[in-house]
Amino acid sequence: AQTVTQSQPEMSVQEAETVTLSCTYDTSENNYYLFWYKQPPSRQMILVIRQEAYKQQNATENRFSVNFQKAAKSFSLKISDSQLGDTAMYFCAFMSFSNEKLTFGTGTRLTIIP
Amino acid sequence: DVKVTQSSRYLVKRTGEKVFLECVQDMDHENMFWYRQDPGLGLRLIYFSYDVKMKEKGDIPEGYSVSREKKERFSLILESASTNQTSMYLCASSLIGTDQETQYFGPGTRLLVL
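Here's a quick rundown of the structure. As a convention, each chain's residues are numbered from 1 in the sequence order in which they are written. All chains are assigned letters beginning with A, and all ligands numbers beginning with 1, in the order in which they are written. Local features are withheld for residues below a pLDDT of 70 in this predicted model, meaning they are given only at 70 or higher, and side-chain atom pairs are given and counted only at 80 or more; totals for whole chains, interfaces and linings count all residues. Where side-chain values are given, they derive from all heavy atoms of the structure, hydrogens and water being excluded.

1. Looking at the environment of T5 of chain A
All names here are of chain A.
Link 1 in the chain: Labels follow the DSSP assignment, with helices taken as runs of H or I lasting at least four residues and strands as runs of E lasting at least two, numbered in each case from the N terminus. Mapped onto the elements, T5 comes out in strand β1 (residues 3-5).
Link 2 in the chain: A C-alpha to C-alpha distance of 8.1 Å links T5 and C92, two positions 87 residues apart in sequence.
Link 3 in the chain: The contacts of T5, once residues within four sequence positions are left out, are S22, C23 and T24. Between two residues, a contact is recorded if the distance between any of their heavy atoms is within 4.5 Å.

2. Some words on the interface of chain B and chain A
Link 1 in the chain: Listed by partner, the interface residues are 21 residues for chain B and 17 residues for chain A.
Link 2 in the chain: Salt bridges, as used here, are contacts in which a Lys or Arg side-chain nitrogen is within 4 Å of a carboxyl oxygen on Asp or Glu. The tally of links between chain B and chain A comes to zero salt bridges.
Link 3 in the chain: In protein, a polar contact requires one atom able to donate a hydrogen and another able to accept it; more generally it is a pair of N or O atoms within 3.5 Å, and residues adjacent in sequence count only if both atoms are side-chain atoms. Taken together, the links from chain B to chain A amount to five residue pairs in polar contact (both at pLDDT 80 or more).
Link 4 in the chain: Broken down by secondary-structure element, the contributors of at least two residues to the side of chain B that touches chain A are β4 (31-38) and β5 (42-49) of chain B.

3. Some words on the pattern of salt bridges
Link 1 in the chain: On inspection of all chains with the given rule, the structure shows nine salt bridges over all chains.
Link 2 in the chain: For K73 of chain A, the salt bridge goes to D26 of chain A, with nearest N and O atoms at 3.6 Å. Of this pair, K73 of chain A sits in the loop between β8 (64-69) and β9 (74-79) while D26 of chain A sits in strand β4 (residues 24-26), placing them 47 residues apart in sequence.
Link 3 in the chain: K73 of chain A sits in the partly exposed class, given a relative accessible area of 26%.
Link 4 in the chain: Classification of residues uses two cut-offs on accessible area relative to the type maximum, computed with a 1.4 Å probe and protein chains only: under 20% is buried, over 50% is exposed, and between them is partly exposed. You can call D26 of chain A partly exposed: its relative accessible area is 42%.
Link 5 in the chain: For the salt bridge of D28 of chain B with K71 of chain B, the shortest nitrogen-to-oxygen distance reads 3.1 Å.

4. Thoughts on the pairing of β4 of chain B
Residue and element names in this part refer to chain B.
Link 1 in the chain: The element β4 is extensively covered by neighbouring structure, given that eight of its eight residues are classed as buried.
Link 2 in the chain: Taking every second residue as pointing to the same face, both faces of β4 are buried, with N31, F33, Y35 and Q37 on one and M32, W34, R36 and D38 on the other.
Link 3 in the chain: As judged from the seven bridges shared by β4 and strand β9 (residues 87-94), these two strands associate in the antiparallel manner. What sits directly across from Y35, in β9, is L90.
Link 4 in the chain: Two elements, β4 and β5, share seven bridges in a ladder whose sense is antiparallel. The residue bridging Y35 from the neighbouring strand is L45, located in β5.
Link 5 in the chain: Where β4 folds back onto β5 in an antiparallel hairpin, the turn is made up of three residues, including G40, whose phi is positive at roughly 80 degrees. Any two strands with at least two DSSP bridges between them are considered paired.

5. A short note on the state of the cysteines
Link 1 in the chain: Cysteine sulfur pairs qualify as disulfides if the two atoms are within 2.5 Å. Following the criterion strictly, the structure yields two disulfides over all chains and no others.
Link 2 in the chain: Across a sulfur-sulfur distance of 2.0 Å, C23 of chain A and C92 of chain A are joined as a disulfide pair. The S-S bond linking C23 of chain A to C92 of chain A shows a torsion near -70 degrees; that makes this disulfide left-handed. With C23 of chain A in the loop between β3 (19-21) and β4 and C92 of chain A in strand β10 (residues 88-96), this pair connects stretches of sequence that are 69 residues apart. One exposure class covers both C23 of chain A and C92 of chain A, and it is buried.
Link 3 in the chain: Linked covalently through their sulfurs, C23 of chain B and C91 of chain B form a disulfide whose S-S length is 1.9 Å. Handedness of the C23 of chain B-C91 of chain B disulfide follows from its S-S torsion of about -75 degrees: it is left-handed. One end of the pair, C23 of chain B, is in strand β3 (residues 19-25); the other, C91 of chain B, is in strand β9, with 68 residues separating them in the sequence.
Link 4 in the chain: What makes C23 of chain B buried here is its relative accessible area of 0%.
Link 5 in the chain: Residue classification places C91 of chain B among the buried positions, given a relative accessible area of 0%.

Printed below as a string of structure tokens:
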């Protein structure tokens, strides 16, 4: 069974700064996807970024980028130029190629301070 | 845009009641999922369905059942609600095939069982 670990329950950072959220996972599979989902306060969970394990290049979406280290089973999220709207719970998640089930970490509550 | 809706944002029920949580998606997705979200535990999969009338147990199916009579609708049933089922319930859907790995979430139903 896969496990996903987020070791930072809460983080806070000043607006416009850069912040990195950590995620590690454990799996014996070679082909899989990794995701970061964002859940703003009282709002819907949305996908921030995803990474296919077979791709060596780190995924990037505007101010969001990942540092994917397959050998170390690490998948961190970097938010550059943080904005107040980035305040949310962030969940790291894993999905193997062989099924459509997501395994989530416990989440990191990120607060952006004005 | 994909839209996933859930029948209620907040529900208060009494112990022993039968509870129905409904989820509807408008993008003809084959896969639908029910998760439970608890602080410090992240999201845990209760049940999922990959087609009409098909269902599979997730990680925590005990005390729950599901129904999928139409492709767009996936219901979660608490046969006899208990206080330990007080939680946030999230529904999600995804395609089979291209982009199958991305799940789209509803706004959630916060259930309180007294």
